[in-house]
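One-letter residues, chain by chain:
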Amino acid sequence: MLPNHSVPAERRRSWAEPYRIKMVELLKMTTPAERRVALEAAGYNTFLLRSDDVYIDLLTDSGTSAMSDAQWAGMMRGDEAYAGSRNFYGLESAVQARYGYRYVVPTHQGRGAEHLISRILISPGDVVPGNMYFTTTRLHQELAGATFVDVIIDQAHDPESLYPFKGNIDLDKFRELIDRVGAKKIPYISVAATVNMAGGQPISMENIRQVSQLARQHGIRVILDATRAIENAWFIKQREAGFADRSIASILLEMCSYTDGCTMSGKKDLLVNIGGFLALNDWEVFEEARNLVVVYEGLHTYGGLSGRDMEAMAIGIEEALNEDHIRARIGQVEYLGQQLIQAGIPIVLPVGGHAIYLDARSFLPHVPQDEFPAQSLAAELYLEAGIRAMERGVISAGRNLQTGQHNYPKLELVRLTIPRRVYTQAHMDVTAESVINLYERREAIGGLKMIYEPKYLRFFQARFEPVAVGTSREKRGEYADPQEA
Ligand SMILES: *Cc1c(COP(=O)(O)O)cnc(C)c1O
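In this text, all values refer to a predicted model and were calculated from it rather than measured experimentally. (Residues numbered from 1 in each chain as written. Predicted model: local features only at pLDDT ≥ 70, side-chain atom pairs only at ≥ 80, totals over all residues. Heavy atoms only, no water.)

Caption draft 1: Examining the overall build of the protein more closely. Along the protein, the regular secondary structure elements total 17 helices and 14 strands. On C-alpha atoms alone, the protein measures out to a radius of gyration of 22 Å, which is about the 23 Å that the 2.2 N^0.38 rule sets for 485 residues. Viewed in the frame of its principal axes, the protein has a C-alpha envelope of about 70 × 65 × 45 Å. Within the protein, buried positions represent 58% of all 485 residues. Taking as baseline every contact in the protein between residues at least 6 positions apart, the subset at least 24 positions apart corresponds to 73%. Within the structure as shown, the protein displays about 20900 Å² of accessible surface, and the carbon and sulfur contribution to it stands at 51%. The centroid of the 52 positive side-chain charges in the protein is displaced by 1 Å from the centroid of its 61 negative side-chain charges. (Helix = DSSP H or I, 4+ residues; strand = E, 2+ residues; numbered from the N terminus. Rg over C-alpha atoms; globule rule 2.2 N^0.38 Å. Buried < 20%, exposed > 50% of the residue type's maximum accessible area, 1.4 Å probe, protein only. Contact = heavy atoms within 4.5 Å. Areas by Shrake-Rupley, 256 points an atom, 1.4 Å probe, with all protein chains shown as cover. Lys, Arg positive; Asp, Glu negative; His and termini not counted. Charge placed at Lys NZ, Arg CZ, Asp CG, Glu CD.)

Here it is, written out as structure tokens:
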């Protein structure tokens with residue numbers, strides 16, 4: 001008998017992709033001179049670059065996944081009936097089977113679901129706790145009249161803490177909040193898995209269970225932000241005692257079972273370019289959502305999506321739960337992270353599910369925070385190699401509405417976000433090499449000054465100009481007091 005050389009999937013160390021490439025999208029390779037022109041035209045803001053001028057686009061993992069041949073074939077089965085599209089019923093069954101909720105309302109993307117649930121559950125003056133904020137989630141809670149309170153554990157704010165579940169909720173903070181404002185003022189707790197703004201960090205099953213128990217004792221609902229819950233399930237399987245032999249699908253179902261509903265951006269875990277849903281267990285809340293979705297998104301059997309979009313998302317649910325897929329997805333992020341760690345590049349640890357975060361504060365200690373080190377580093381990375389990343393620092397944190405001063409966040413980060421099934425291992429190598437090159441010449445990288453500042457969400461459209469390197473050096477040093485952002 002021939003020896004069996006096949007290695008069981010669970011013992012394989014490589015994260016190699018469980019797919020092959022059938023169609024490619026050609027990229028433009030640019031020269032440094034061309035990139036200089038493009039960056040100046042974009043005011044040193046990577047959001048203002050044209051996609052055509054970008055080689056490796058790590059701006060976001062949202063809506064940037066590559067769909068499979070099965071998903072594209074599903075697009076051809078789109079039933080574009082105004083009412084009762086068969087693709088809606090397929091999506092509904094997939095959500096019920098895989099996430100375990102009873103009722104499903106499709107929405108055009110995650111924020112559509114956030115809008116509906118915030119309007120339904122929140123009364124003005126309410127308080128909504130959560131494990132660190134997400135921009136759109138918090139904004140919808142605030143627009144509905146609530147105040148957001150961060151109850152994530154302290155380790156989440158420390159880029160060097162190796163705690164395995166930095167997305168966990170601090171039960172004492174949650175309990176203290178209930179005691180302080182009263183359970184009646186807390187319509188629900190918002191639980192994100194994974195936590196995007198903390199670096200794609202997971203929450204443990206034990207923590208979800210305990211949060212749910214405490215919330216239910218007080219009649220408080222638990223609403224899951226399930227955008228990257230499948231990636232979270234992978235971390236539970238890897239890191240939490242008792243889950244190594246469980247399937248990702250069963251872990252996901254158990255996570256959802258401790259919650260009363262979820263908002264979902266299908267643009268992340270579910271491998272589609274557009275789509276989302278709100279899922280619920282409570283008939284009355286569902287009734288309200290079904291009424292409201294007609295006003296803001298579309299009829300309750302399409303919610304702002306075409307039939308083909310719903311079909312692609314239903315297929316995406318199955319593909320996202322495939323263990324080889326998730327191993328490769330997170331394996332690729334980890335691969336890039338390990339290359340940077342080995343080269344001594346300061347990044348947020350441990351490596352999260354969807355992105356690597358460069359610690360711009362340690363990377364460019366000579367650039368003061370009001371010369372925007374993360375913005376500058378993102379611009380330099382584009383100049384270096386045509387790689388587009390995103391600033392997550394003082395520019396993203398905006399200004400204090402009362403004092404007009406910048407909010408100075410503790411973390412000055414550049415996010416390298418990895419789209420799913422899009423880039424190869426060689427692209428990751430180029431990215432690591434480019435970051436390492438930058439690190440080697442970091443002393444020569446100066447700060448920026450803002451020459452145009454929009455009123456809202458300034459990071460999208462602000463424009464900058466380089467500050468002469470000598471100037472930065474003289475102002476070396478002091479960061480303002482760390483504070484929340
Ligand atoms: C992207 C995202 C959302 C919002 O979803 P959209 O589809 O962009 O509207 C909500 N929560 C988290 C954690 C996200 O990453």
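Caption draft 2: Broad picture of empty space enclosed by the protein. Counted under the stated rule, the structure contains four cavities of 30 Å³ or more. The computed volume of the second largest cavity comes to approximately 100 Å³. Considering the residues around the second largest cavity, the lining is formed by Trp15, Glu17, Pro18, Tyr19, His325, Ala328, Arg329, Gln332, Arg420, Arg421, Val422 and Tyr423. A breakdown of the residues in the lining of the second largest cavity according to their chemical character gives six nonpolar, two polar and four charged. (1 Å grid on protein atoms, 1.4 Å probe; cavity = no way out; pocket = protein on both sides within 12 Å on 5 of 7 lines; lining within 4 Å. Points joined across faces, edges and corners; volume = space filled by probe spheres on them. Nonpolar A, V, L, I, M, F, W, Y, C, P; charged D, E, K, R; others polar.)

Caption draft 3: The site of the ligand, seen in detail. Looking at the ligand, there are 14 residues lining it, with Gln109, Arg111, Asp225, Ser265 and Lys268 nearest. Separating an oxygen atom of the ligand from a side-chain N or O atom of glutamine 109 is a distance of 2.9 Å. Glycine 110 places a polar main-chain atom, nitrogen or oxygen, 2.9 Å from an oxygen atom of the ligand. Across the complex, the protein chains shield 96% of the 380 Å² of accessible surface that the ligand would expose by itself. Every element with two or more residues in the shell around the ligand is listed here: helix 4 (110-121) and helix 5 (135-143). Residues that form the shell around the ligand fall into these classes: one nonpolar, seven polar and six charged. (Near = heavy atom within 4 Å. Polar contact = N/O pair within 3.5 Å; in protein donor to acceptor, adjacent residues only side chain to side chain.)

Caption draft 4: Representation of the domain arrangement of the protein. Each assigned domain of the protein is listed here: domain 1 (9-61 + 324-484) and domain 2 (69-320). Computed over C-alpha atoms only, the centres of domain 1 and domain 2 are separated by 27 Å. Taken together, the 24 residues of domain 1 in the interface contact 28 residues of domain 2. Across the domain 1/domain 2 interface, buried area totals approximately 2300 Å², and carbon plus sulfur atoms make up 57% of it. Our enumeration of links across domain 1 and domain 2 arrives at five salt bridges. Across the pair glutamate 231 and arginine 420 runs a salt bridge, and its minimum N-O distance is 3.0 Å. Seen at the junction of domain 1 and domain 2, the total is 13 residue pairs in polar contact (both at pLDDT 80 or more). Of all the elements in the fold, those that place two or more residues in the side of domain 1 that touches domain 2 are helix 12 (323-342) and strand 9 (355-359). Considered class by class, the residues forming the side of domain 1 that touches domain 2 number nine nonpolar, four polar and eleven charged. (Domains from an automatic or database assignment. Buried area = accessible area lost by both parts, 1.4 Å probe. Salt bridge = Lys/Arg side-chain N within 4 Å of Asp/Glu carboxyl O.)

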